[in-house]
Amino acid sequence: MKPLSILQLPKFQPKQQFAFDCLANEKLLGGATRGGKTFYNKLMLIRLCSAVSNLRTDIFRLHLDDVYESYMEGDGSFPELLAIWERDGLVKITNEGVEFLWNGSGITLKHLGSDRAKSKGQGTPVQVRIYDEATQLMESRFRFLRGWIGMTEPHRETAAKELEKVFPQFSQEERFNYFPQIIYSTNPIGPSAGYFRRNFVKAASRYQIFQAPPEDGGFNRIYIPFKVADNKFENEEAVRAR
């Protein structure tokens, strides 16, 4: 069973395309509200899950009802974006997330509002993890869960071949190293804002890939600022006025 063309999805805007093509494994999408970060997360996960088999991904927010509202309700939600695929029996959408039935990939909605929720995330490796509104999460919790983000060598080899159509401009080595991915999308306010300011925003120039120290994961990182002006679907003056 083959999926419908992902070209039927909305196209990335330029800043979103830059983030998608970026070869860093740990990305901070920071900046203003209404900058297109959450919609990027949705398109990115759909494109990757539809292209790569057995890709396990998840999305964390502080509260489960918030992640559900952001990703499963209203305009631009997973049910709206995937309506045709759901109708054709290609995906299954539940309150827990989305399953891509032809290739074993999936998106799971989770929360990180307690230590109990944190403990439920250990032991199950994922290849793409999103921390939405990341500055609202406790630093100790998302750093703890970093240990279960990874991809086996055979899976990376398979993924590299499957990504040829998604990233024809990449070399085989670049596609091999594209996973795993950690995405932090957030506004600059919250209890963990200092962590991201020190370890992403101030650690290197904007758009520059750099390596995190071993004691903080050792991934290749980047800070990509998203502004209201980057989102052509928003009225910048109106957003600023509100």
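Going by the structure above, here's the rest.
One structure accompanies this document, and this report is about it. Each chain carries its own residue numbering, running from 1 in the direction its sequence is written. Since the coordinates come from a predicted model, pLDDT governs what is reported: local features require at least 70, and pairs of side-chain atoms require 80 or more to be given and counted, while whole-chain, interface and lining totals use all residues. The side-chain figures draw on all heavy atoms in the structure; neither hydrogens nor water molecules are used.

1. Quick notes on the packing of aromatic side chains
Right, so step 1: We call Phe, Tyr and Trp rings a pair once their centres come within 6.5 Å, taking the six-membered ring for Trp, and we label the pair stacked below 30 degrees between planes, edge-to-face above 60, and tilted otherwise. Enumeration according to the criterion identifies 23 aromatic pairs in this entry.
Right, so step 2: Measuring from ring centre to ring centre gives 5.9 Å for Tyr131 and Phe142, while their planes differ by 50 degrees; the resulting arrangement is tilted. Linking Tyr131 in strand E6 (residues 128-132) with Phe142 in helix H7 (residues 139-145), this pair joins segments that are 11 residues apart in sequence. Note on accessibility: Tyr131 and Phe142 belong to one class, buried.
Right, so step 3: Ring geometry for Phe196 against Phe200: centres 5.8 Å apart, planes inclined by 40 degrees, an arrangement best described as tilted. On the criterion of helical spacing, the pair formed by Phe196 and Phe200 is a turn pair, its members being four residues apart in helix H10 (residues 193-201). You'll find Phe196 and Phe200 in the same group, each marked buried.
Right, so step 4: Linked through ring pairs, Phe12, Phe20, Tyr40, Phe167, Phe170, Tyr178 and Phe179 together constitute an aromatic cluster. Runs of H or I in DSSP of at least four residues are treated as helices and runs of E of at least two as strands, each being numbered from the N terminus. The classification of residues rests on relative accessible area computed with a 1.4 Å probe and restricted to protein chains. Under 20% of the type maximum is buried, over 50% is exposed, and intermediate values are partly exposed.

2. A closer look at unusual backbone geometry
Right, so step 1: Residues Phe179 and Pro180 are joined by a peptide bond in cis, for which omega reads 0 degrees.
Right, so step 2: Take Pro180: it is sitting in the loop between helix H9 (172-176) and strand E7 (181-186).
Right, so step 3: Phi at Asn54 is positive, roughly 55 degrees, even though this residue is not glycine.
Right, so step 4: Here Asn54 shows up in the loop between helix H2 (37-51) and strand E2 (56-61).

3. Concerning the pairing of E2
Right, so step 1: Within E2, five of the six residues are buried, which leaves it mostly tucked inside the rest of the structure.
Right, so step 2: One bridge is not enough; two strands pair if DSSP finds at least two bridges between them. Bridge analysis of E2 against strand E5 (residues 105-111) gives six bridges, and the strand direction is parallel. The residue bridging Thr57 from the neighbouring strand is Ile107, located in E5.
Right, so step 3: In the sheet, E2 pairs with E6 via four bridges, with the strands oriented parallel. Following the sheet pairing, Thr57 is matched in E6 by Val128.

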